[in-house]
Amino acid sequence: MSEVLEKIKEGTNEVISIKDLKKKLESSKKLTIKMGIDPTAPNLHLGHTVLINKLKTFQDLGHQVIFLVGDFTAQIGDPSGMSEIRQTMTKEQIKLNMRTYTDQVFKILDRNKTKIVYNSEWLGKLEMSEFFNLIAKSTVARMLTRDDFKKRYLNNNPISMAEFLYPLLQAYDSVVLCVDIEIGGNDQKFNLLLGREIQRSYGFNDVQTVITMPLLEGTDGIKKMSKSYNNYIALNDSPKDMFGKIMSISDELMYKYYKLLTQVDFNSIKNMHPKDAKYALALTIVERYYTKEISLKTKDEFDNIFVNKNISNDIIKKYYLIDADVKLSDLIFKSGMVLSKNEAKRIIAQGGIKIDFKKVNEDFIIRCEKSFILQIGKKKIIKILVKNTN
RNA sequence: GGGGGUGUGGCAGAGUGGUCUAAUGCACCAGACUGUAAAUCUGGCGGGCUUGCCCUUCGGUGGUUCAAAUCCAUCCGCCCCCA
């Protein structure tokens, strides 16, 4: 039993409370574990996998895992950690995002053993009277104890009634689903704890155990991984992007990623050269979401491009040059790799353009004689194919 | 309902008639150095071209003025206090 408990506790930020959890595990009842994600972005990313992995632990122990898609709550917007009012999302946006979610989840969880639910199923049908019954169970003062609400309130920043009530809806999910354990990110702590209180108000004898997981920083190493900060590594990023993004993180962050995303023993990597350790991490992650073969191939490609400066045809984007004469800046703009011609000119002026691996300046004249490789900065590489006019 | 305040570039935040494409910081992009690291340094960071000029931007609209982010009117958003 203590072995199981250790396994569950591993990597968590907090378990509230351990005593609860122990009791539940000892009851040998099949427990219901919930984790919810609002489909506010089309992709799940590695940050989410920290939670999903923990869910997987419970699944492997034979418990019932519920993956909750917050299609209803997404319309309101979780205010957690937000310093400003959230844009509400339309049903269409949400639907679009939801479509890709479940497949991505099953890259980790067992499809046959996972229950997927959508909270619009019950929240969408909630009677006004029942809704008031719910919100009567908490108080304004209680809500304002939440740090981000308090900060916003003190800074005279707006808090909409909708987001103010959000935590109650999440708590209500736990009531409807009779959840024994809820898993969430560290920033979810308030919402998760409120779930306990609300369950109690609804007459639950045993309220949910709360497990919080540390937040995974994004590739910038500062903010939490999130679509809105554009610092994420998505589960359906191409192997090349996934590999590249991991290689570009700082060493310090790499060790955190090891801790939160892999089971690798720290002792086995601490003596490695950071670069090699990072290679190993990138390989591990890409392998998990693709295959070993793909991960190895991706590494080769990566080395080819960035170490050997040797680019093979099948790994770069292609662009067909049709016109006979094109200015360099126009070509760069037309290739779609920059947003404006001015930007193209700027990059040229700053020496950021290479053609066939040689730096070129603005006087460079493009000859429509043979195909060539165009590099814009370090990361954008495309091959320009000269269309044969005859 | 009454009173006060506020709205500036992706974000934060200066600017209260011309010198404003708008200080500064963050973010972002490029270069140098590297391990496509990080840190640091340098440059850039609205659009267009015939590179010197043109066009567009300070919540929206209208106005005053030779000249408006800045003044006036009006509308919209947001915050606070009183009820």
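Residues numbered from 1 in each chain as written. Chains lettered and ligands numbered in written order. Predicted model: local features only at pLDDT ≥ 70, side-chain atom pairs only at ≥ 80, totals over all residues. Heavy atoms only, no water.

1. A closer look at the environment of methionine 242
Formally: The helix count covers DSSP runs of H or I at least four residues long, the strand count covers runs of E at least two residues long, and both are numbered beginning at the N terminus. Note on contacts: a residue pair qualifies if any of its non-hydrogen atoms lie within 4.5 Å across the two residues.
Structurally, the position occupied by methionine 242 is in helix 11 (residues 239-247). For the pair methionine 242 and tyrosine 289, spaced 47 residues apart in sequence, the C-alpha separation works out to 9.7 Å. Dropping the residues within four chain positions of it, methionine 242 is found in contact with Ile233, Ala234, Leu235, Asp237, Ile285, Val286, Tyr289 and Tyr290.

2. So, the domain arrangement of chain A
Convention followed: Delimitation of the domains relies on an automatic or database domain assignment. Buried area is understood as the total, over both parts, of accessible area removed when two parts are fitted together, assessed with a 1.4 Å probe. Note on definitions: salt bridges are taken to be side-chain nitrogens of Lys or Arg within 4 Å of carboxyl oxygens of Asp or Glu. Any pair of N or O atoms that falls within 3.5 Å is considered a polar contact. Within protein, one atom must be able to donate a hydrogen and the other to accept it, and sequence-neighbouring residues count only if both atoms are side-chain atoms. In this classification, Asp, Glu, Lys and Arg are treated as charged, Ala, Val, Leu, Ile, Met, Phe, Trp, Tyr, Cys and Pro as nonpolar, and every other residue, Gly included, as polar.
The domain boundaries assigned to chain A delineate domain 1 (2-213) and domain 2 (227-386). Using C-alpha coordinates to define each centre, domain 1 is positioned 37 Å away from domain 2. Domain 1 puts 13 residues into the contact, and the matching count from domain 2 is twelve residues. Carbon and sulfur atoms make up 62% of the area that domain 1 and domain 2 hide from each other, which totals about 1300 Å². Three residues, His45, Leu46 and Lys107, lead the burial of domain 1 against domain 2; their summed loss comes to 43% of the area buried on that side. Counting every contact that joins domain 1 to domain 2 gives zero salt bridges. Our count for the contact surface shared by domain 1 and domain 2 stands at four residue pairs in polar contact (both at pLDDT 80 or more). No other element matches helix 3 (residues 46-60), which puts four residues into the side of domain 1 that touches domain 2. Looking at side-chain class alone, the side of domain 1 that touches domain 2 contains six nonpolar, five polar and two charged residues.

3. Observations concerning the packing of aromatic side chains
Rule in force here: Ring geometry is summarised as follows: Phe, Tyr and Trp rings, the Trp one being its six-membered ring, pair when their centres sit within 6.5 Å, and such pairs are stacked at plane angles under 30 degrees, edge-to-face over 60 and tilted between the two. The buried label applies to any residue whose accessible area, calculated with a 1.4 Å probe on protein chains only, is under 20% of its type's maximum; exposed applies above 50%, and partly exposed to all values in between. Look at NZ for Lys and CZ for Arg. If either is within 6 Å of the ring centre and within 35 degrees of the ring normal, a charge sits over the ring.
Counted by the stated rule, this structure contains six aromatic pairs. With centroids separated by 5.2 Å and ring planes inclined at 50 degrees, the aromatic side chains of phenylalanine 149 and phenylalanine 164 adopt a geometry described as tilted. Pair noted here: phenylalanine 149 is in helix 8 (residues 147-154) and phenylalanine 164 is in helix 9 (residues 161-176), with a separation of 15 residues, a long-range link. Take phenylalanine 149: its relative accessible area is 0%, and that puts it in the buried class. Owing to a relative accessible area of 12%, phenylalanine 164 belongs among the buried residues under this scheme. These aromatic residues form a ring-pair network of at least three members: Phe243, Tyr279 and Phe302. Seen from the ring of tyrosine 202, lysine 137 lies directly overhead, with NZ or CZ sitting 4.6 Å from the centre. A cation sits over an aromatic face here: lysine 245 above tyrosine 232, 5.0 Å from the ring centre.

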